[in-house]
Amino acid sequence: MARKSAESIGFSTWIITIVVAVLLAISPQSFKDGLSSIVRDSLFGPFVWIDKQYDILRDNFSRYLKLYSELGKTKMELQVLREAKVENERLRKLLDFQQRSDFRLILCEIIGANPPHFPSELIIARSSLEDISKNCPVVSPEGLVGQISSISKGTAIVKTILNPSIRISAIDQRSRVKGIVYSKDGRTLIFAQVPKDEDIIAGDRIVTSGLGGIYPKGILIGKVVSALNPPETMFKRIIVEPAVEMDKLEEVFVVVGLRAQETPEDTVSAAKIKSH
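Residues numbered from 1 in each chain as written. Predicted model: local features only at pLDDT ≥ 70, side-chain atom pairs only at ≥ 80, totals over all residues. Heavy atoms only, no water.

Participant: How should I be thinking about the overall build of the protein chain in this particular structure?
Facilitator: On a plain count of helices and strands, the protein chain comes out with two helices and 12 strands. Relative to its full complement of 276 residues, the protein chain shows a buried share of 33%. A separation threshold of at least 6 residues defines the contact pool for the protein chain, and within that pool the share at least 24 residues apart is 60%. Put simply, the protein chain shows about 17,400 Å² of open surface, and 59% of that area lies on carbon and sulfur atoms. (Helix = DSSP H or I, 4+ residues; strand = E, 2+ residues; numbered from the N terminus. Buried < 20%, exposed > 50% of the residue type's maximum accessible area, 1.4 Å probe, protein only. Contact = heavy atoms within 4.5 Å. Areas by Shrake-Rupley, 256 points an atom, 1.4 Å probe, with all protein chains shown as cover.)

Right under this line is the structure:
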């Protein structure tokens, strides 16, 4: 029975195939084309869709890479513009400082610092250092930096006011109390040799006194952070924060042509020094 059923199904399939073949043979061409399109879309449609999606994905990825590249380029240009703006502002400040000064200044670029943070020495460079000599004061628009300690061809060494070997004759701009400024730890300054009964308070501005023959009078050294009266000594312990952040300097001015009779009157800051 099962064998007859299988033979019947096979015969029916064969008859149907012949009928379909005959119908296809006698059917019009438009019907054949339509049927062919349906069969082709049914069999290959998914693969065609996948191929189209792949093309879309590839195009989108290419556009993404292009946009990402352009974004990176724009960010770099923005960083360059920001740095140029900062540099222009700094140079404008230096030029204004020169124009408001009363002494000759030589602008020099800093090419080295020792150590990098809280430097006690700076290396400066300029094409010509013929007007610069040992012990010339070095300043910035913010205040006193130090003094020239040695000179070689095209470069010079500046000992900053953070160098423990530097001693500066100074005066409290408010109370007119005099003392000596130096650094013990290479970070902060001490306003020393000030008796306990003298009037020194936090926030006072300490400037150069003009004594000693090196620094013009009135250059800002720093501000008083604390003024204590330790019991074991007759002098105050006065801590001064430097006005100049040495590790952030990029250029400095060397004061040249000073003579004892040219020492200026007391000023609020170093802005009274003439440019060269």
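From this point, the discussion proceeds with the structure in view.
Participant: Please explain the side chain of Thr208 as it appears in this structure.
Facilitator: Within the element layout of this structure, Thr208 appears in strand β9 (residues 205-208). A distance of 2.5 Å separates the side chain of Thr208 from the backbone oxygen of Pro216, its partner in a polar contact. Those residues in contact with Thr208, other than ones at most four positions away along the chain, are Leu144, Ile168, Ser169, Ala170, Ile171, Tyr215, Pro216, Lys217, Gly218, Ile219 and Ile221. (Polar contact = N/O pair within 3.5 Å; in protein donor to acceptor, adjacent residues only side chain to side chain.)

Participant: Is there a simple way to think about the pairing of strand β11 (residues 237-242) in this case?
Facilitator: Across three bridges, strand β8 (residues 189-192) lies against β11 in antiparallel orientation. Paired with Ile190 across the two strands is Ile239, which belongs to β11. Alignment of strand β10 (residues 220-228) against β11, held across six bridges, turns out to be antiparallel. By the bridge assignment, Lys223 is partnered in β11 with Glu241. (Pairing = 2+ DSSP bridges.)

Participant: Help me understand the sheet that holds strand β12 (residues 251-256), please; the structure alone is not making it clear to me.
Facilitator: On the basis of which strands lie adjacent, the closed barrel formed by six strands has the order β1-β2-β5-β4-β3-β12 and antiparallel pairing. Within the sheet, the average angular offset between the axes of one strand and its neighbour, ignoring direction, is 45 degrees. (Axes fitted to C-alpha atoms, helices over the stretch in contact; angles between N-to-C directions.)

Participant: Got a minute to help me understand the environment of Ala227 in this structure?
Facilitator: Tracing the backbone through its elements, the reader meets Ala227 in strand β10. In this structure, the C-alpha to C-alpha distance between Ala227 and Ile239, residues 12 residues apart in sequence, is 6.6 Å.

Participant: Would you take a moment to explain the sheet that holds strand β6 (residues 168-172) for this structure?
Facilitator: Across a sheet, paired strands are connected by hydrogen bonds in the backbone, their directions being either parallel or antiparallel. Taken in spatial order, the six strands of this closed barrel run β6-β7-β8-β11-β10-β9, and their pairing is antiparallel. Adjacent strand axes in the sheet meet at a mean angle of 40 degrees, parallel and antiparallel pairs treated alike. Inspection of the sheet shows β6 paired to β9 by three bridges, in the antiparallel sense. Note on β9: the bridge partner recorded for Asp172 is Ile206.

Participant: I would appreciate a short explanation of a nonpolar patch on the surface in the present structure.
Facilitator: Residues Phe61, Tyr64, Leu65 and Tyr68 make up a contiguous nonpolar surface patch of roughly 470 Å² in combined accessible area. Relative to the helices and strands, Tyr68 resides in helix α2 (residues 29-99). For Tyr68, a relative accessible area of 55% translates into the label exposed. (Patch = residues over 30% accessible without salt bridge, like charges linked within 9 Å, V, L, I, M, F, W, Y side chains within 5 Å. Salt bridge = Lys/Arg side-chain N within 4 Å of Asp/Glu carboxyl O.)

Participant: What am I meant to see in the nonpolar core here?
Facilitator: General note: in soluble globular proteins, nonpolar side chains tend to be found buried as a group. Core analysis: the biggest nonpolar cluster contains 43 residues, and Ile124, Val145, Ile148, Phe191, Ile221 and Val254 have the highest contact counts within it. The dominant element in this core, judged by the number of residues it contributes, is β12, at five residues. Sequence-distant contacts of Ile124, defined by excluding residues within four places in its chain, comprise Cys108, Glu109, Ile110, Ile148, Gly154, Thr155, Ala156, Val158, Val252 and Val254. (Core = buried A, V, L, I, M, F, W, Y, C linked by side-chain atoms within 4.5 Å.)

Participant: Even after reading the chapter, I still don't get the environment of Glu109, so can you show me in this structure?
Facilitator: Within the secondary structure layout, Glu109 lies in strand β1 (residues 104-114). A sequence separation of 142 residues divides Glu109 from Glu251, and the C-alpha atoms of the two residues are 4.5 Å apart. Excluding residues within four positions of it along the chain, Glu109 makes contact with Ile123, Ile124, Ala125, Glu250 and Glu251.

Participant: What should I look at first to understand unusual backbone geometry in this one?
Facilitator: Excluding glycine, most residues fall at negative phi; most peptide bonds, likewise, are trans. Put simply, Asn114 and Pro115 share a cis peptide bond, and its omega is -10 degrees. Relative to the assigned elements, Pro115 resides in the loop between β1 and β2 (121-125). Despite not being glycine, Asn135 has its phi angle at roughly 75 degrees, a positive value. With respect to the helices and strands, the residue Asn135 is situated in the loop between β2 and β3 (137-140). Look at Arg176: it is not a glycine, yet its phi comes out positive at around 65 degrees.

Participant: Teacher, can you tell me more about the pattern of salt bridges here?
Facilitator: Side chains that differ in sign of charge can pair as their charged atoms come close. Under the definition given, this model contains five salt bridges. A salt bridge links Arg104 to Asp131, with the nearest nitrogen and oxygen atoms 3.2 Å apart. Of the two residues, Arg104 is situated in strand β1 and Asp131 in the loop between β2 and β3; the sequence distance between them amounts to 27 residues. The class for Arg104 is partly exposed, based on a relative accessible area of 32%. Judged by its relative accessible area of 34%, Asp131 falls in the partly exposed class. In this structure, Asp199 engages Arg174 in a salt bridge whose closest nitrogen and oxygen atoms are separated by 2.8 Å. Taken as a pair, Asp199 in the loop between β8 and β9 and Arg174 in the loop between β6 and β7 (178-182) lie far apart in primary sequence, 25 residues in all. Salt bridges sharing partners connect three or more residues here, namely Arg174, Asp199 and Asp204.

Any functional reading would require information beyond the geometric quantities listed.
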